[in-house]
Amino acid sequence: MRFDRSDGVFCHVTSLPGPHGIGDLGDGAAAFLSFLEEAGVDYWQVCPLGPTIGAAGESPYQSPSAFAGNPLLIDLEGLVEDGWLEPDDLEPIPEFPDDRVDYGAVREYKHPRLETAFERFEAEPDAGSARSVDGSGSAGTLDAFRDREPWVEEYALFRAISADRPEDTWVEWPEPLRTRDPDALAAAREEHAEEVRYHAFVQWTFDRQWAALREVAAEAGVEIVGDVPIYVALDSADVWANPEAFRLDEGNRPAAVAGVPPNAGDDGQRWGNPVYDWERLAENDYGWWMDRFRRLFDLADVARLDHFLGFVRYWAIPADADDPAAGEWHDGPGRALFEAVEREFGEAPFIAEDLGFEDARMDDLMAEFGFPGMRVPQYANWTEAGNPYQPMHYPERVVGYTSTHDTDTWVGYYEDLAPEERDALRYNLGYGGDRPIEWAIIEEVWSSEAILAMTTVQDLLGLGSDARFNEPGTVDGNWEWRVERDALSDDLAGRLRELGEFHVR
């Protein structure tokens, strides 16, 4: 796909303003889109939208589903409008912090209200406003959603069984459930029928609210950039319900897991995610991946493919080995997967996350299909002439970021630089302290040849390391940062608009 010269802002939904302790799909998201429209911004980038769990540190990259939406993002006020909650049901609203997400408190508040909405829906399913175009009523649209999205049934059953066995991952379930014995599955569906329907209702609600928000985005001229982690979590409905897509043993436990090999100065990483059985996936034209991309294109206009190298070659570590060095390189599907994507969807709007790896085959694959890579100036060696991560050297075929969800903020990065690097950075940017350092790098990225220039809300606001969204390799304190509503001012939008216009973005 050919992108136009344009710009964008990253802000995950959880970070948006909202009345119930977390950004959601309601007025706060609409206000953010209004800010982007006023700023003339073309793209809004988010993290994966799936459910998060406390055991995984609330990481959207370790979700129990690559298809489902996060129930915590549902706008409760929207359920009042639907008629399945009363205004009094929202009271009392706890004194949530405005600048961060307390996930435990949000769950404690939101889940009972989602359950109340479901109970009211079950009691009077056609009393709400979410009717289908043929007038079949809300119950009909829920049933149609379940028929249209087959992943919903597997996900809902997975969550119901998991709730019944909270101490176990699915690989520790009794063998008939773990290996998906048909009789065991039928018995589980009967035992958990009401809870399965509850989870389906929640996913249908998320789906409707997200679709409505996408319409708001389209009216504002903003396209949404979603995110595709190449691997899924082990304890997920994806692996349990689709064992044929992964390298599992006869007991449906992982035979190999993903990671990266040791390099000079580090010991490598053992991520623990099951790796794919690419040969078996190829036999049905990568059907599971086509389903995943189909769902993604229901949720986003463009997709960032995380760890793009893994589609070319991947490091597989035996599941019983703790040392990443025990792994081996294997070939990924390469062009065969993306040819299947083109057959199914036409030209796919992908951004390839290629940071930190040099691989000629990866570069050739990106070039063949027209996928832009990524450049982040925080990866630059500012004392090295011609360093490819310095914005003045970005080629057109990349997306230039000031920061990402995994890096420090620009101000935090700059303050932590060694004096020699900082002096070299200032020299390269022609920076004399005449403007805030964050705007110096934003302007540099916007003026670069990169086809798409991206920044974060934290960088727009000039925030330091205390506003960092995620620090890889740590668990506590990540994914919590939120922007306060009055921070997204008209003046800030105007400045960003002027910058985009000046650099023809």
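Up top is the structure.
This write-up is about the structure you can find in this document. Quantities reported herein were computed from a predicted structural model and do not represent experimental measurements. (Residues numbered from 1 in each chain as written. Predicted model: local features only at pLDDT ≥ 70, side-chain atom pairs only at ≥ 80, totals over all residues. Heavy atoms only, no water.)

The computed volume of the largest pocket comes to approximately 1400 Å³. Lining the largest pocket are 44 residues; nearest its centre among them are Gln 269, Trp 271, Asp 306, Asp 406 and Pro 472. By residue number, the principal contributor to the lining of the largest pocket is strand S5 (residues 269–274), which donates four residues. In the lining of the largest pocket, the residues fall into 18 nonpolar, 17 polar and nine charged. Forming the boundary of the second largest pocket are 22 residues, of which Asp 354, Met 366, Arg 375, Arg 397 and Val 398 lie nearest the centre. When residues of the lining of the second largest pocket are traced back to their parent elements, those giving at least two are helix H13 (360–369) and strand S10 (373–375). Considering each element in turn, the lining of the second largest pocket owes the most residues, four residues, to H13. Classifying every residue of the lining of the second largest pocket by side-chain character gives 12 nonpolar, three polar and seven charged. (1 Å grid on protein atoms, 1.4 Å probe; cavity = no way out; pocket = protein on both sides within 12 Å on 5 of 7 lines; lining within 4 Å. Points joined across faces, edges and corners; volume = space filled by probe spheres on them. Helix = DSSP H or I, 4+ residues; strand = E, 2+ residues; numbered from the N terminus. Nonpolar A, V, L, I, M, F, W, Y, C, P; charged D, E, K, R; others polar.)

Counted according to the given criterion, the structure contains 26 salt bridges. As a salt-bridge pair, Glu 396 and Arg 2 come within 2.6 Å of each other at their nearest N and O atoms. Within this pair, whereas Glu 396 is found in the loop between S10 and strand S11 (398–401), its partner Arg 2 is found in the segment before strand S1 (6–10), the two being separated by 394 residues in sequence. One salt-bridge network, in which partners are shared between bridges, spans Arg 148, Glu 149, Asp 207 and Arg 295. (Salt bridge = Lys/Arg side-chain N within 4 Å of Asp/Glu carboxyl O.)

The four strands lie next to each other as S5-S4-S7-S8, forming an open sheet whose pairing is antiparallel. In this open sheet, the two strands that pair with only one neighbour each are S5 and strand S8 (328–331). The sheet shows a mean angle of 45° between the axes of neighbouring strands, taken without regard to direction. Note that strand S4 (residues 256–260) and S5 share three bridges and pair antiparallel. Its bridge partner lying in S5, Val 257 is registered against Pro 274. (Pairing = 2+ DSSP bridges. Axes fitted to C-alpha atoms, helices over the stretch in contact; angles between N-to-C directions.)

Within the largest apolar cluster, 159 residues are counted, with the highest numbers of intra-cluster contacts made by Phe 32, Trp 44, Trp 289, Phe 308, Phe 338 and Phe 350. Ranked by residue count, the leading element in this core is helix H8 (residues 193–219), at 10 residues. Excluding residues that lie within four positions of it along the chain, Phe 32 makes contacts with Val 9, Cys 11, Leu 16, Trp 44, Val 457 and Leu 488. (Core = buried A, V, L, I, M, F, W, Y, C linked by side-chain atoms within 4.5 Å. Buried < 20%, exposed > 50% of the residue type's maximum accessible area, 1.4 Å probe, protein only. Contact = heavy atoms within 4.5 Å.)

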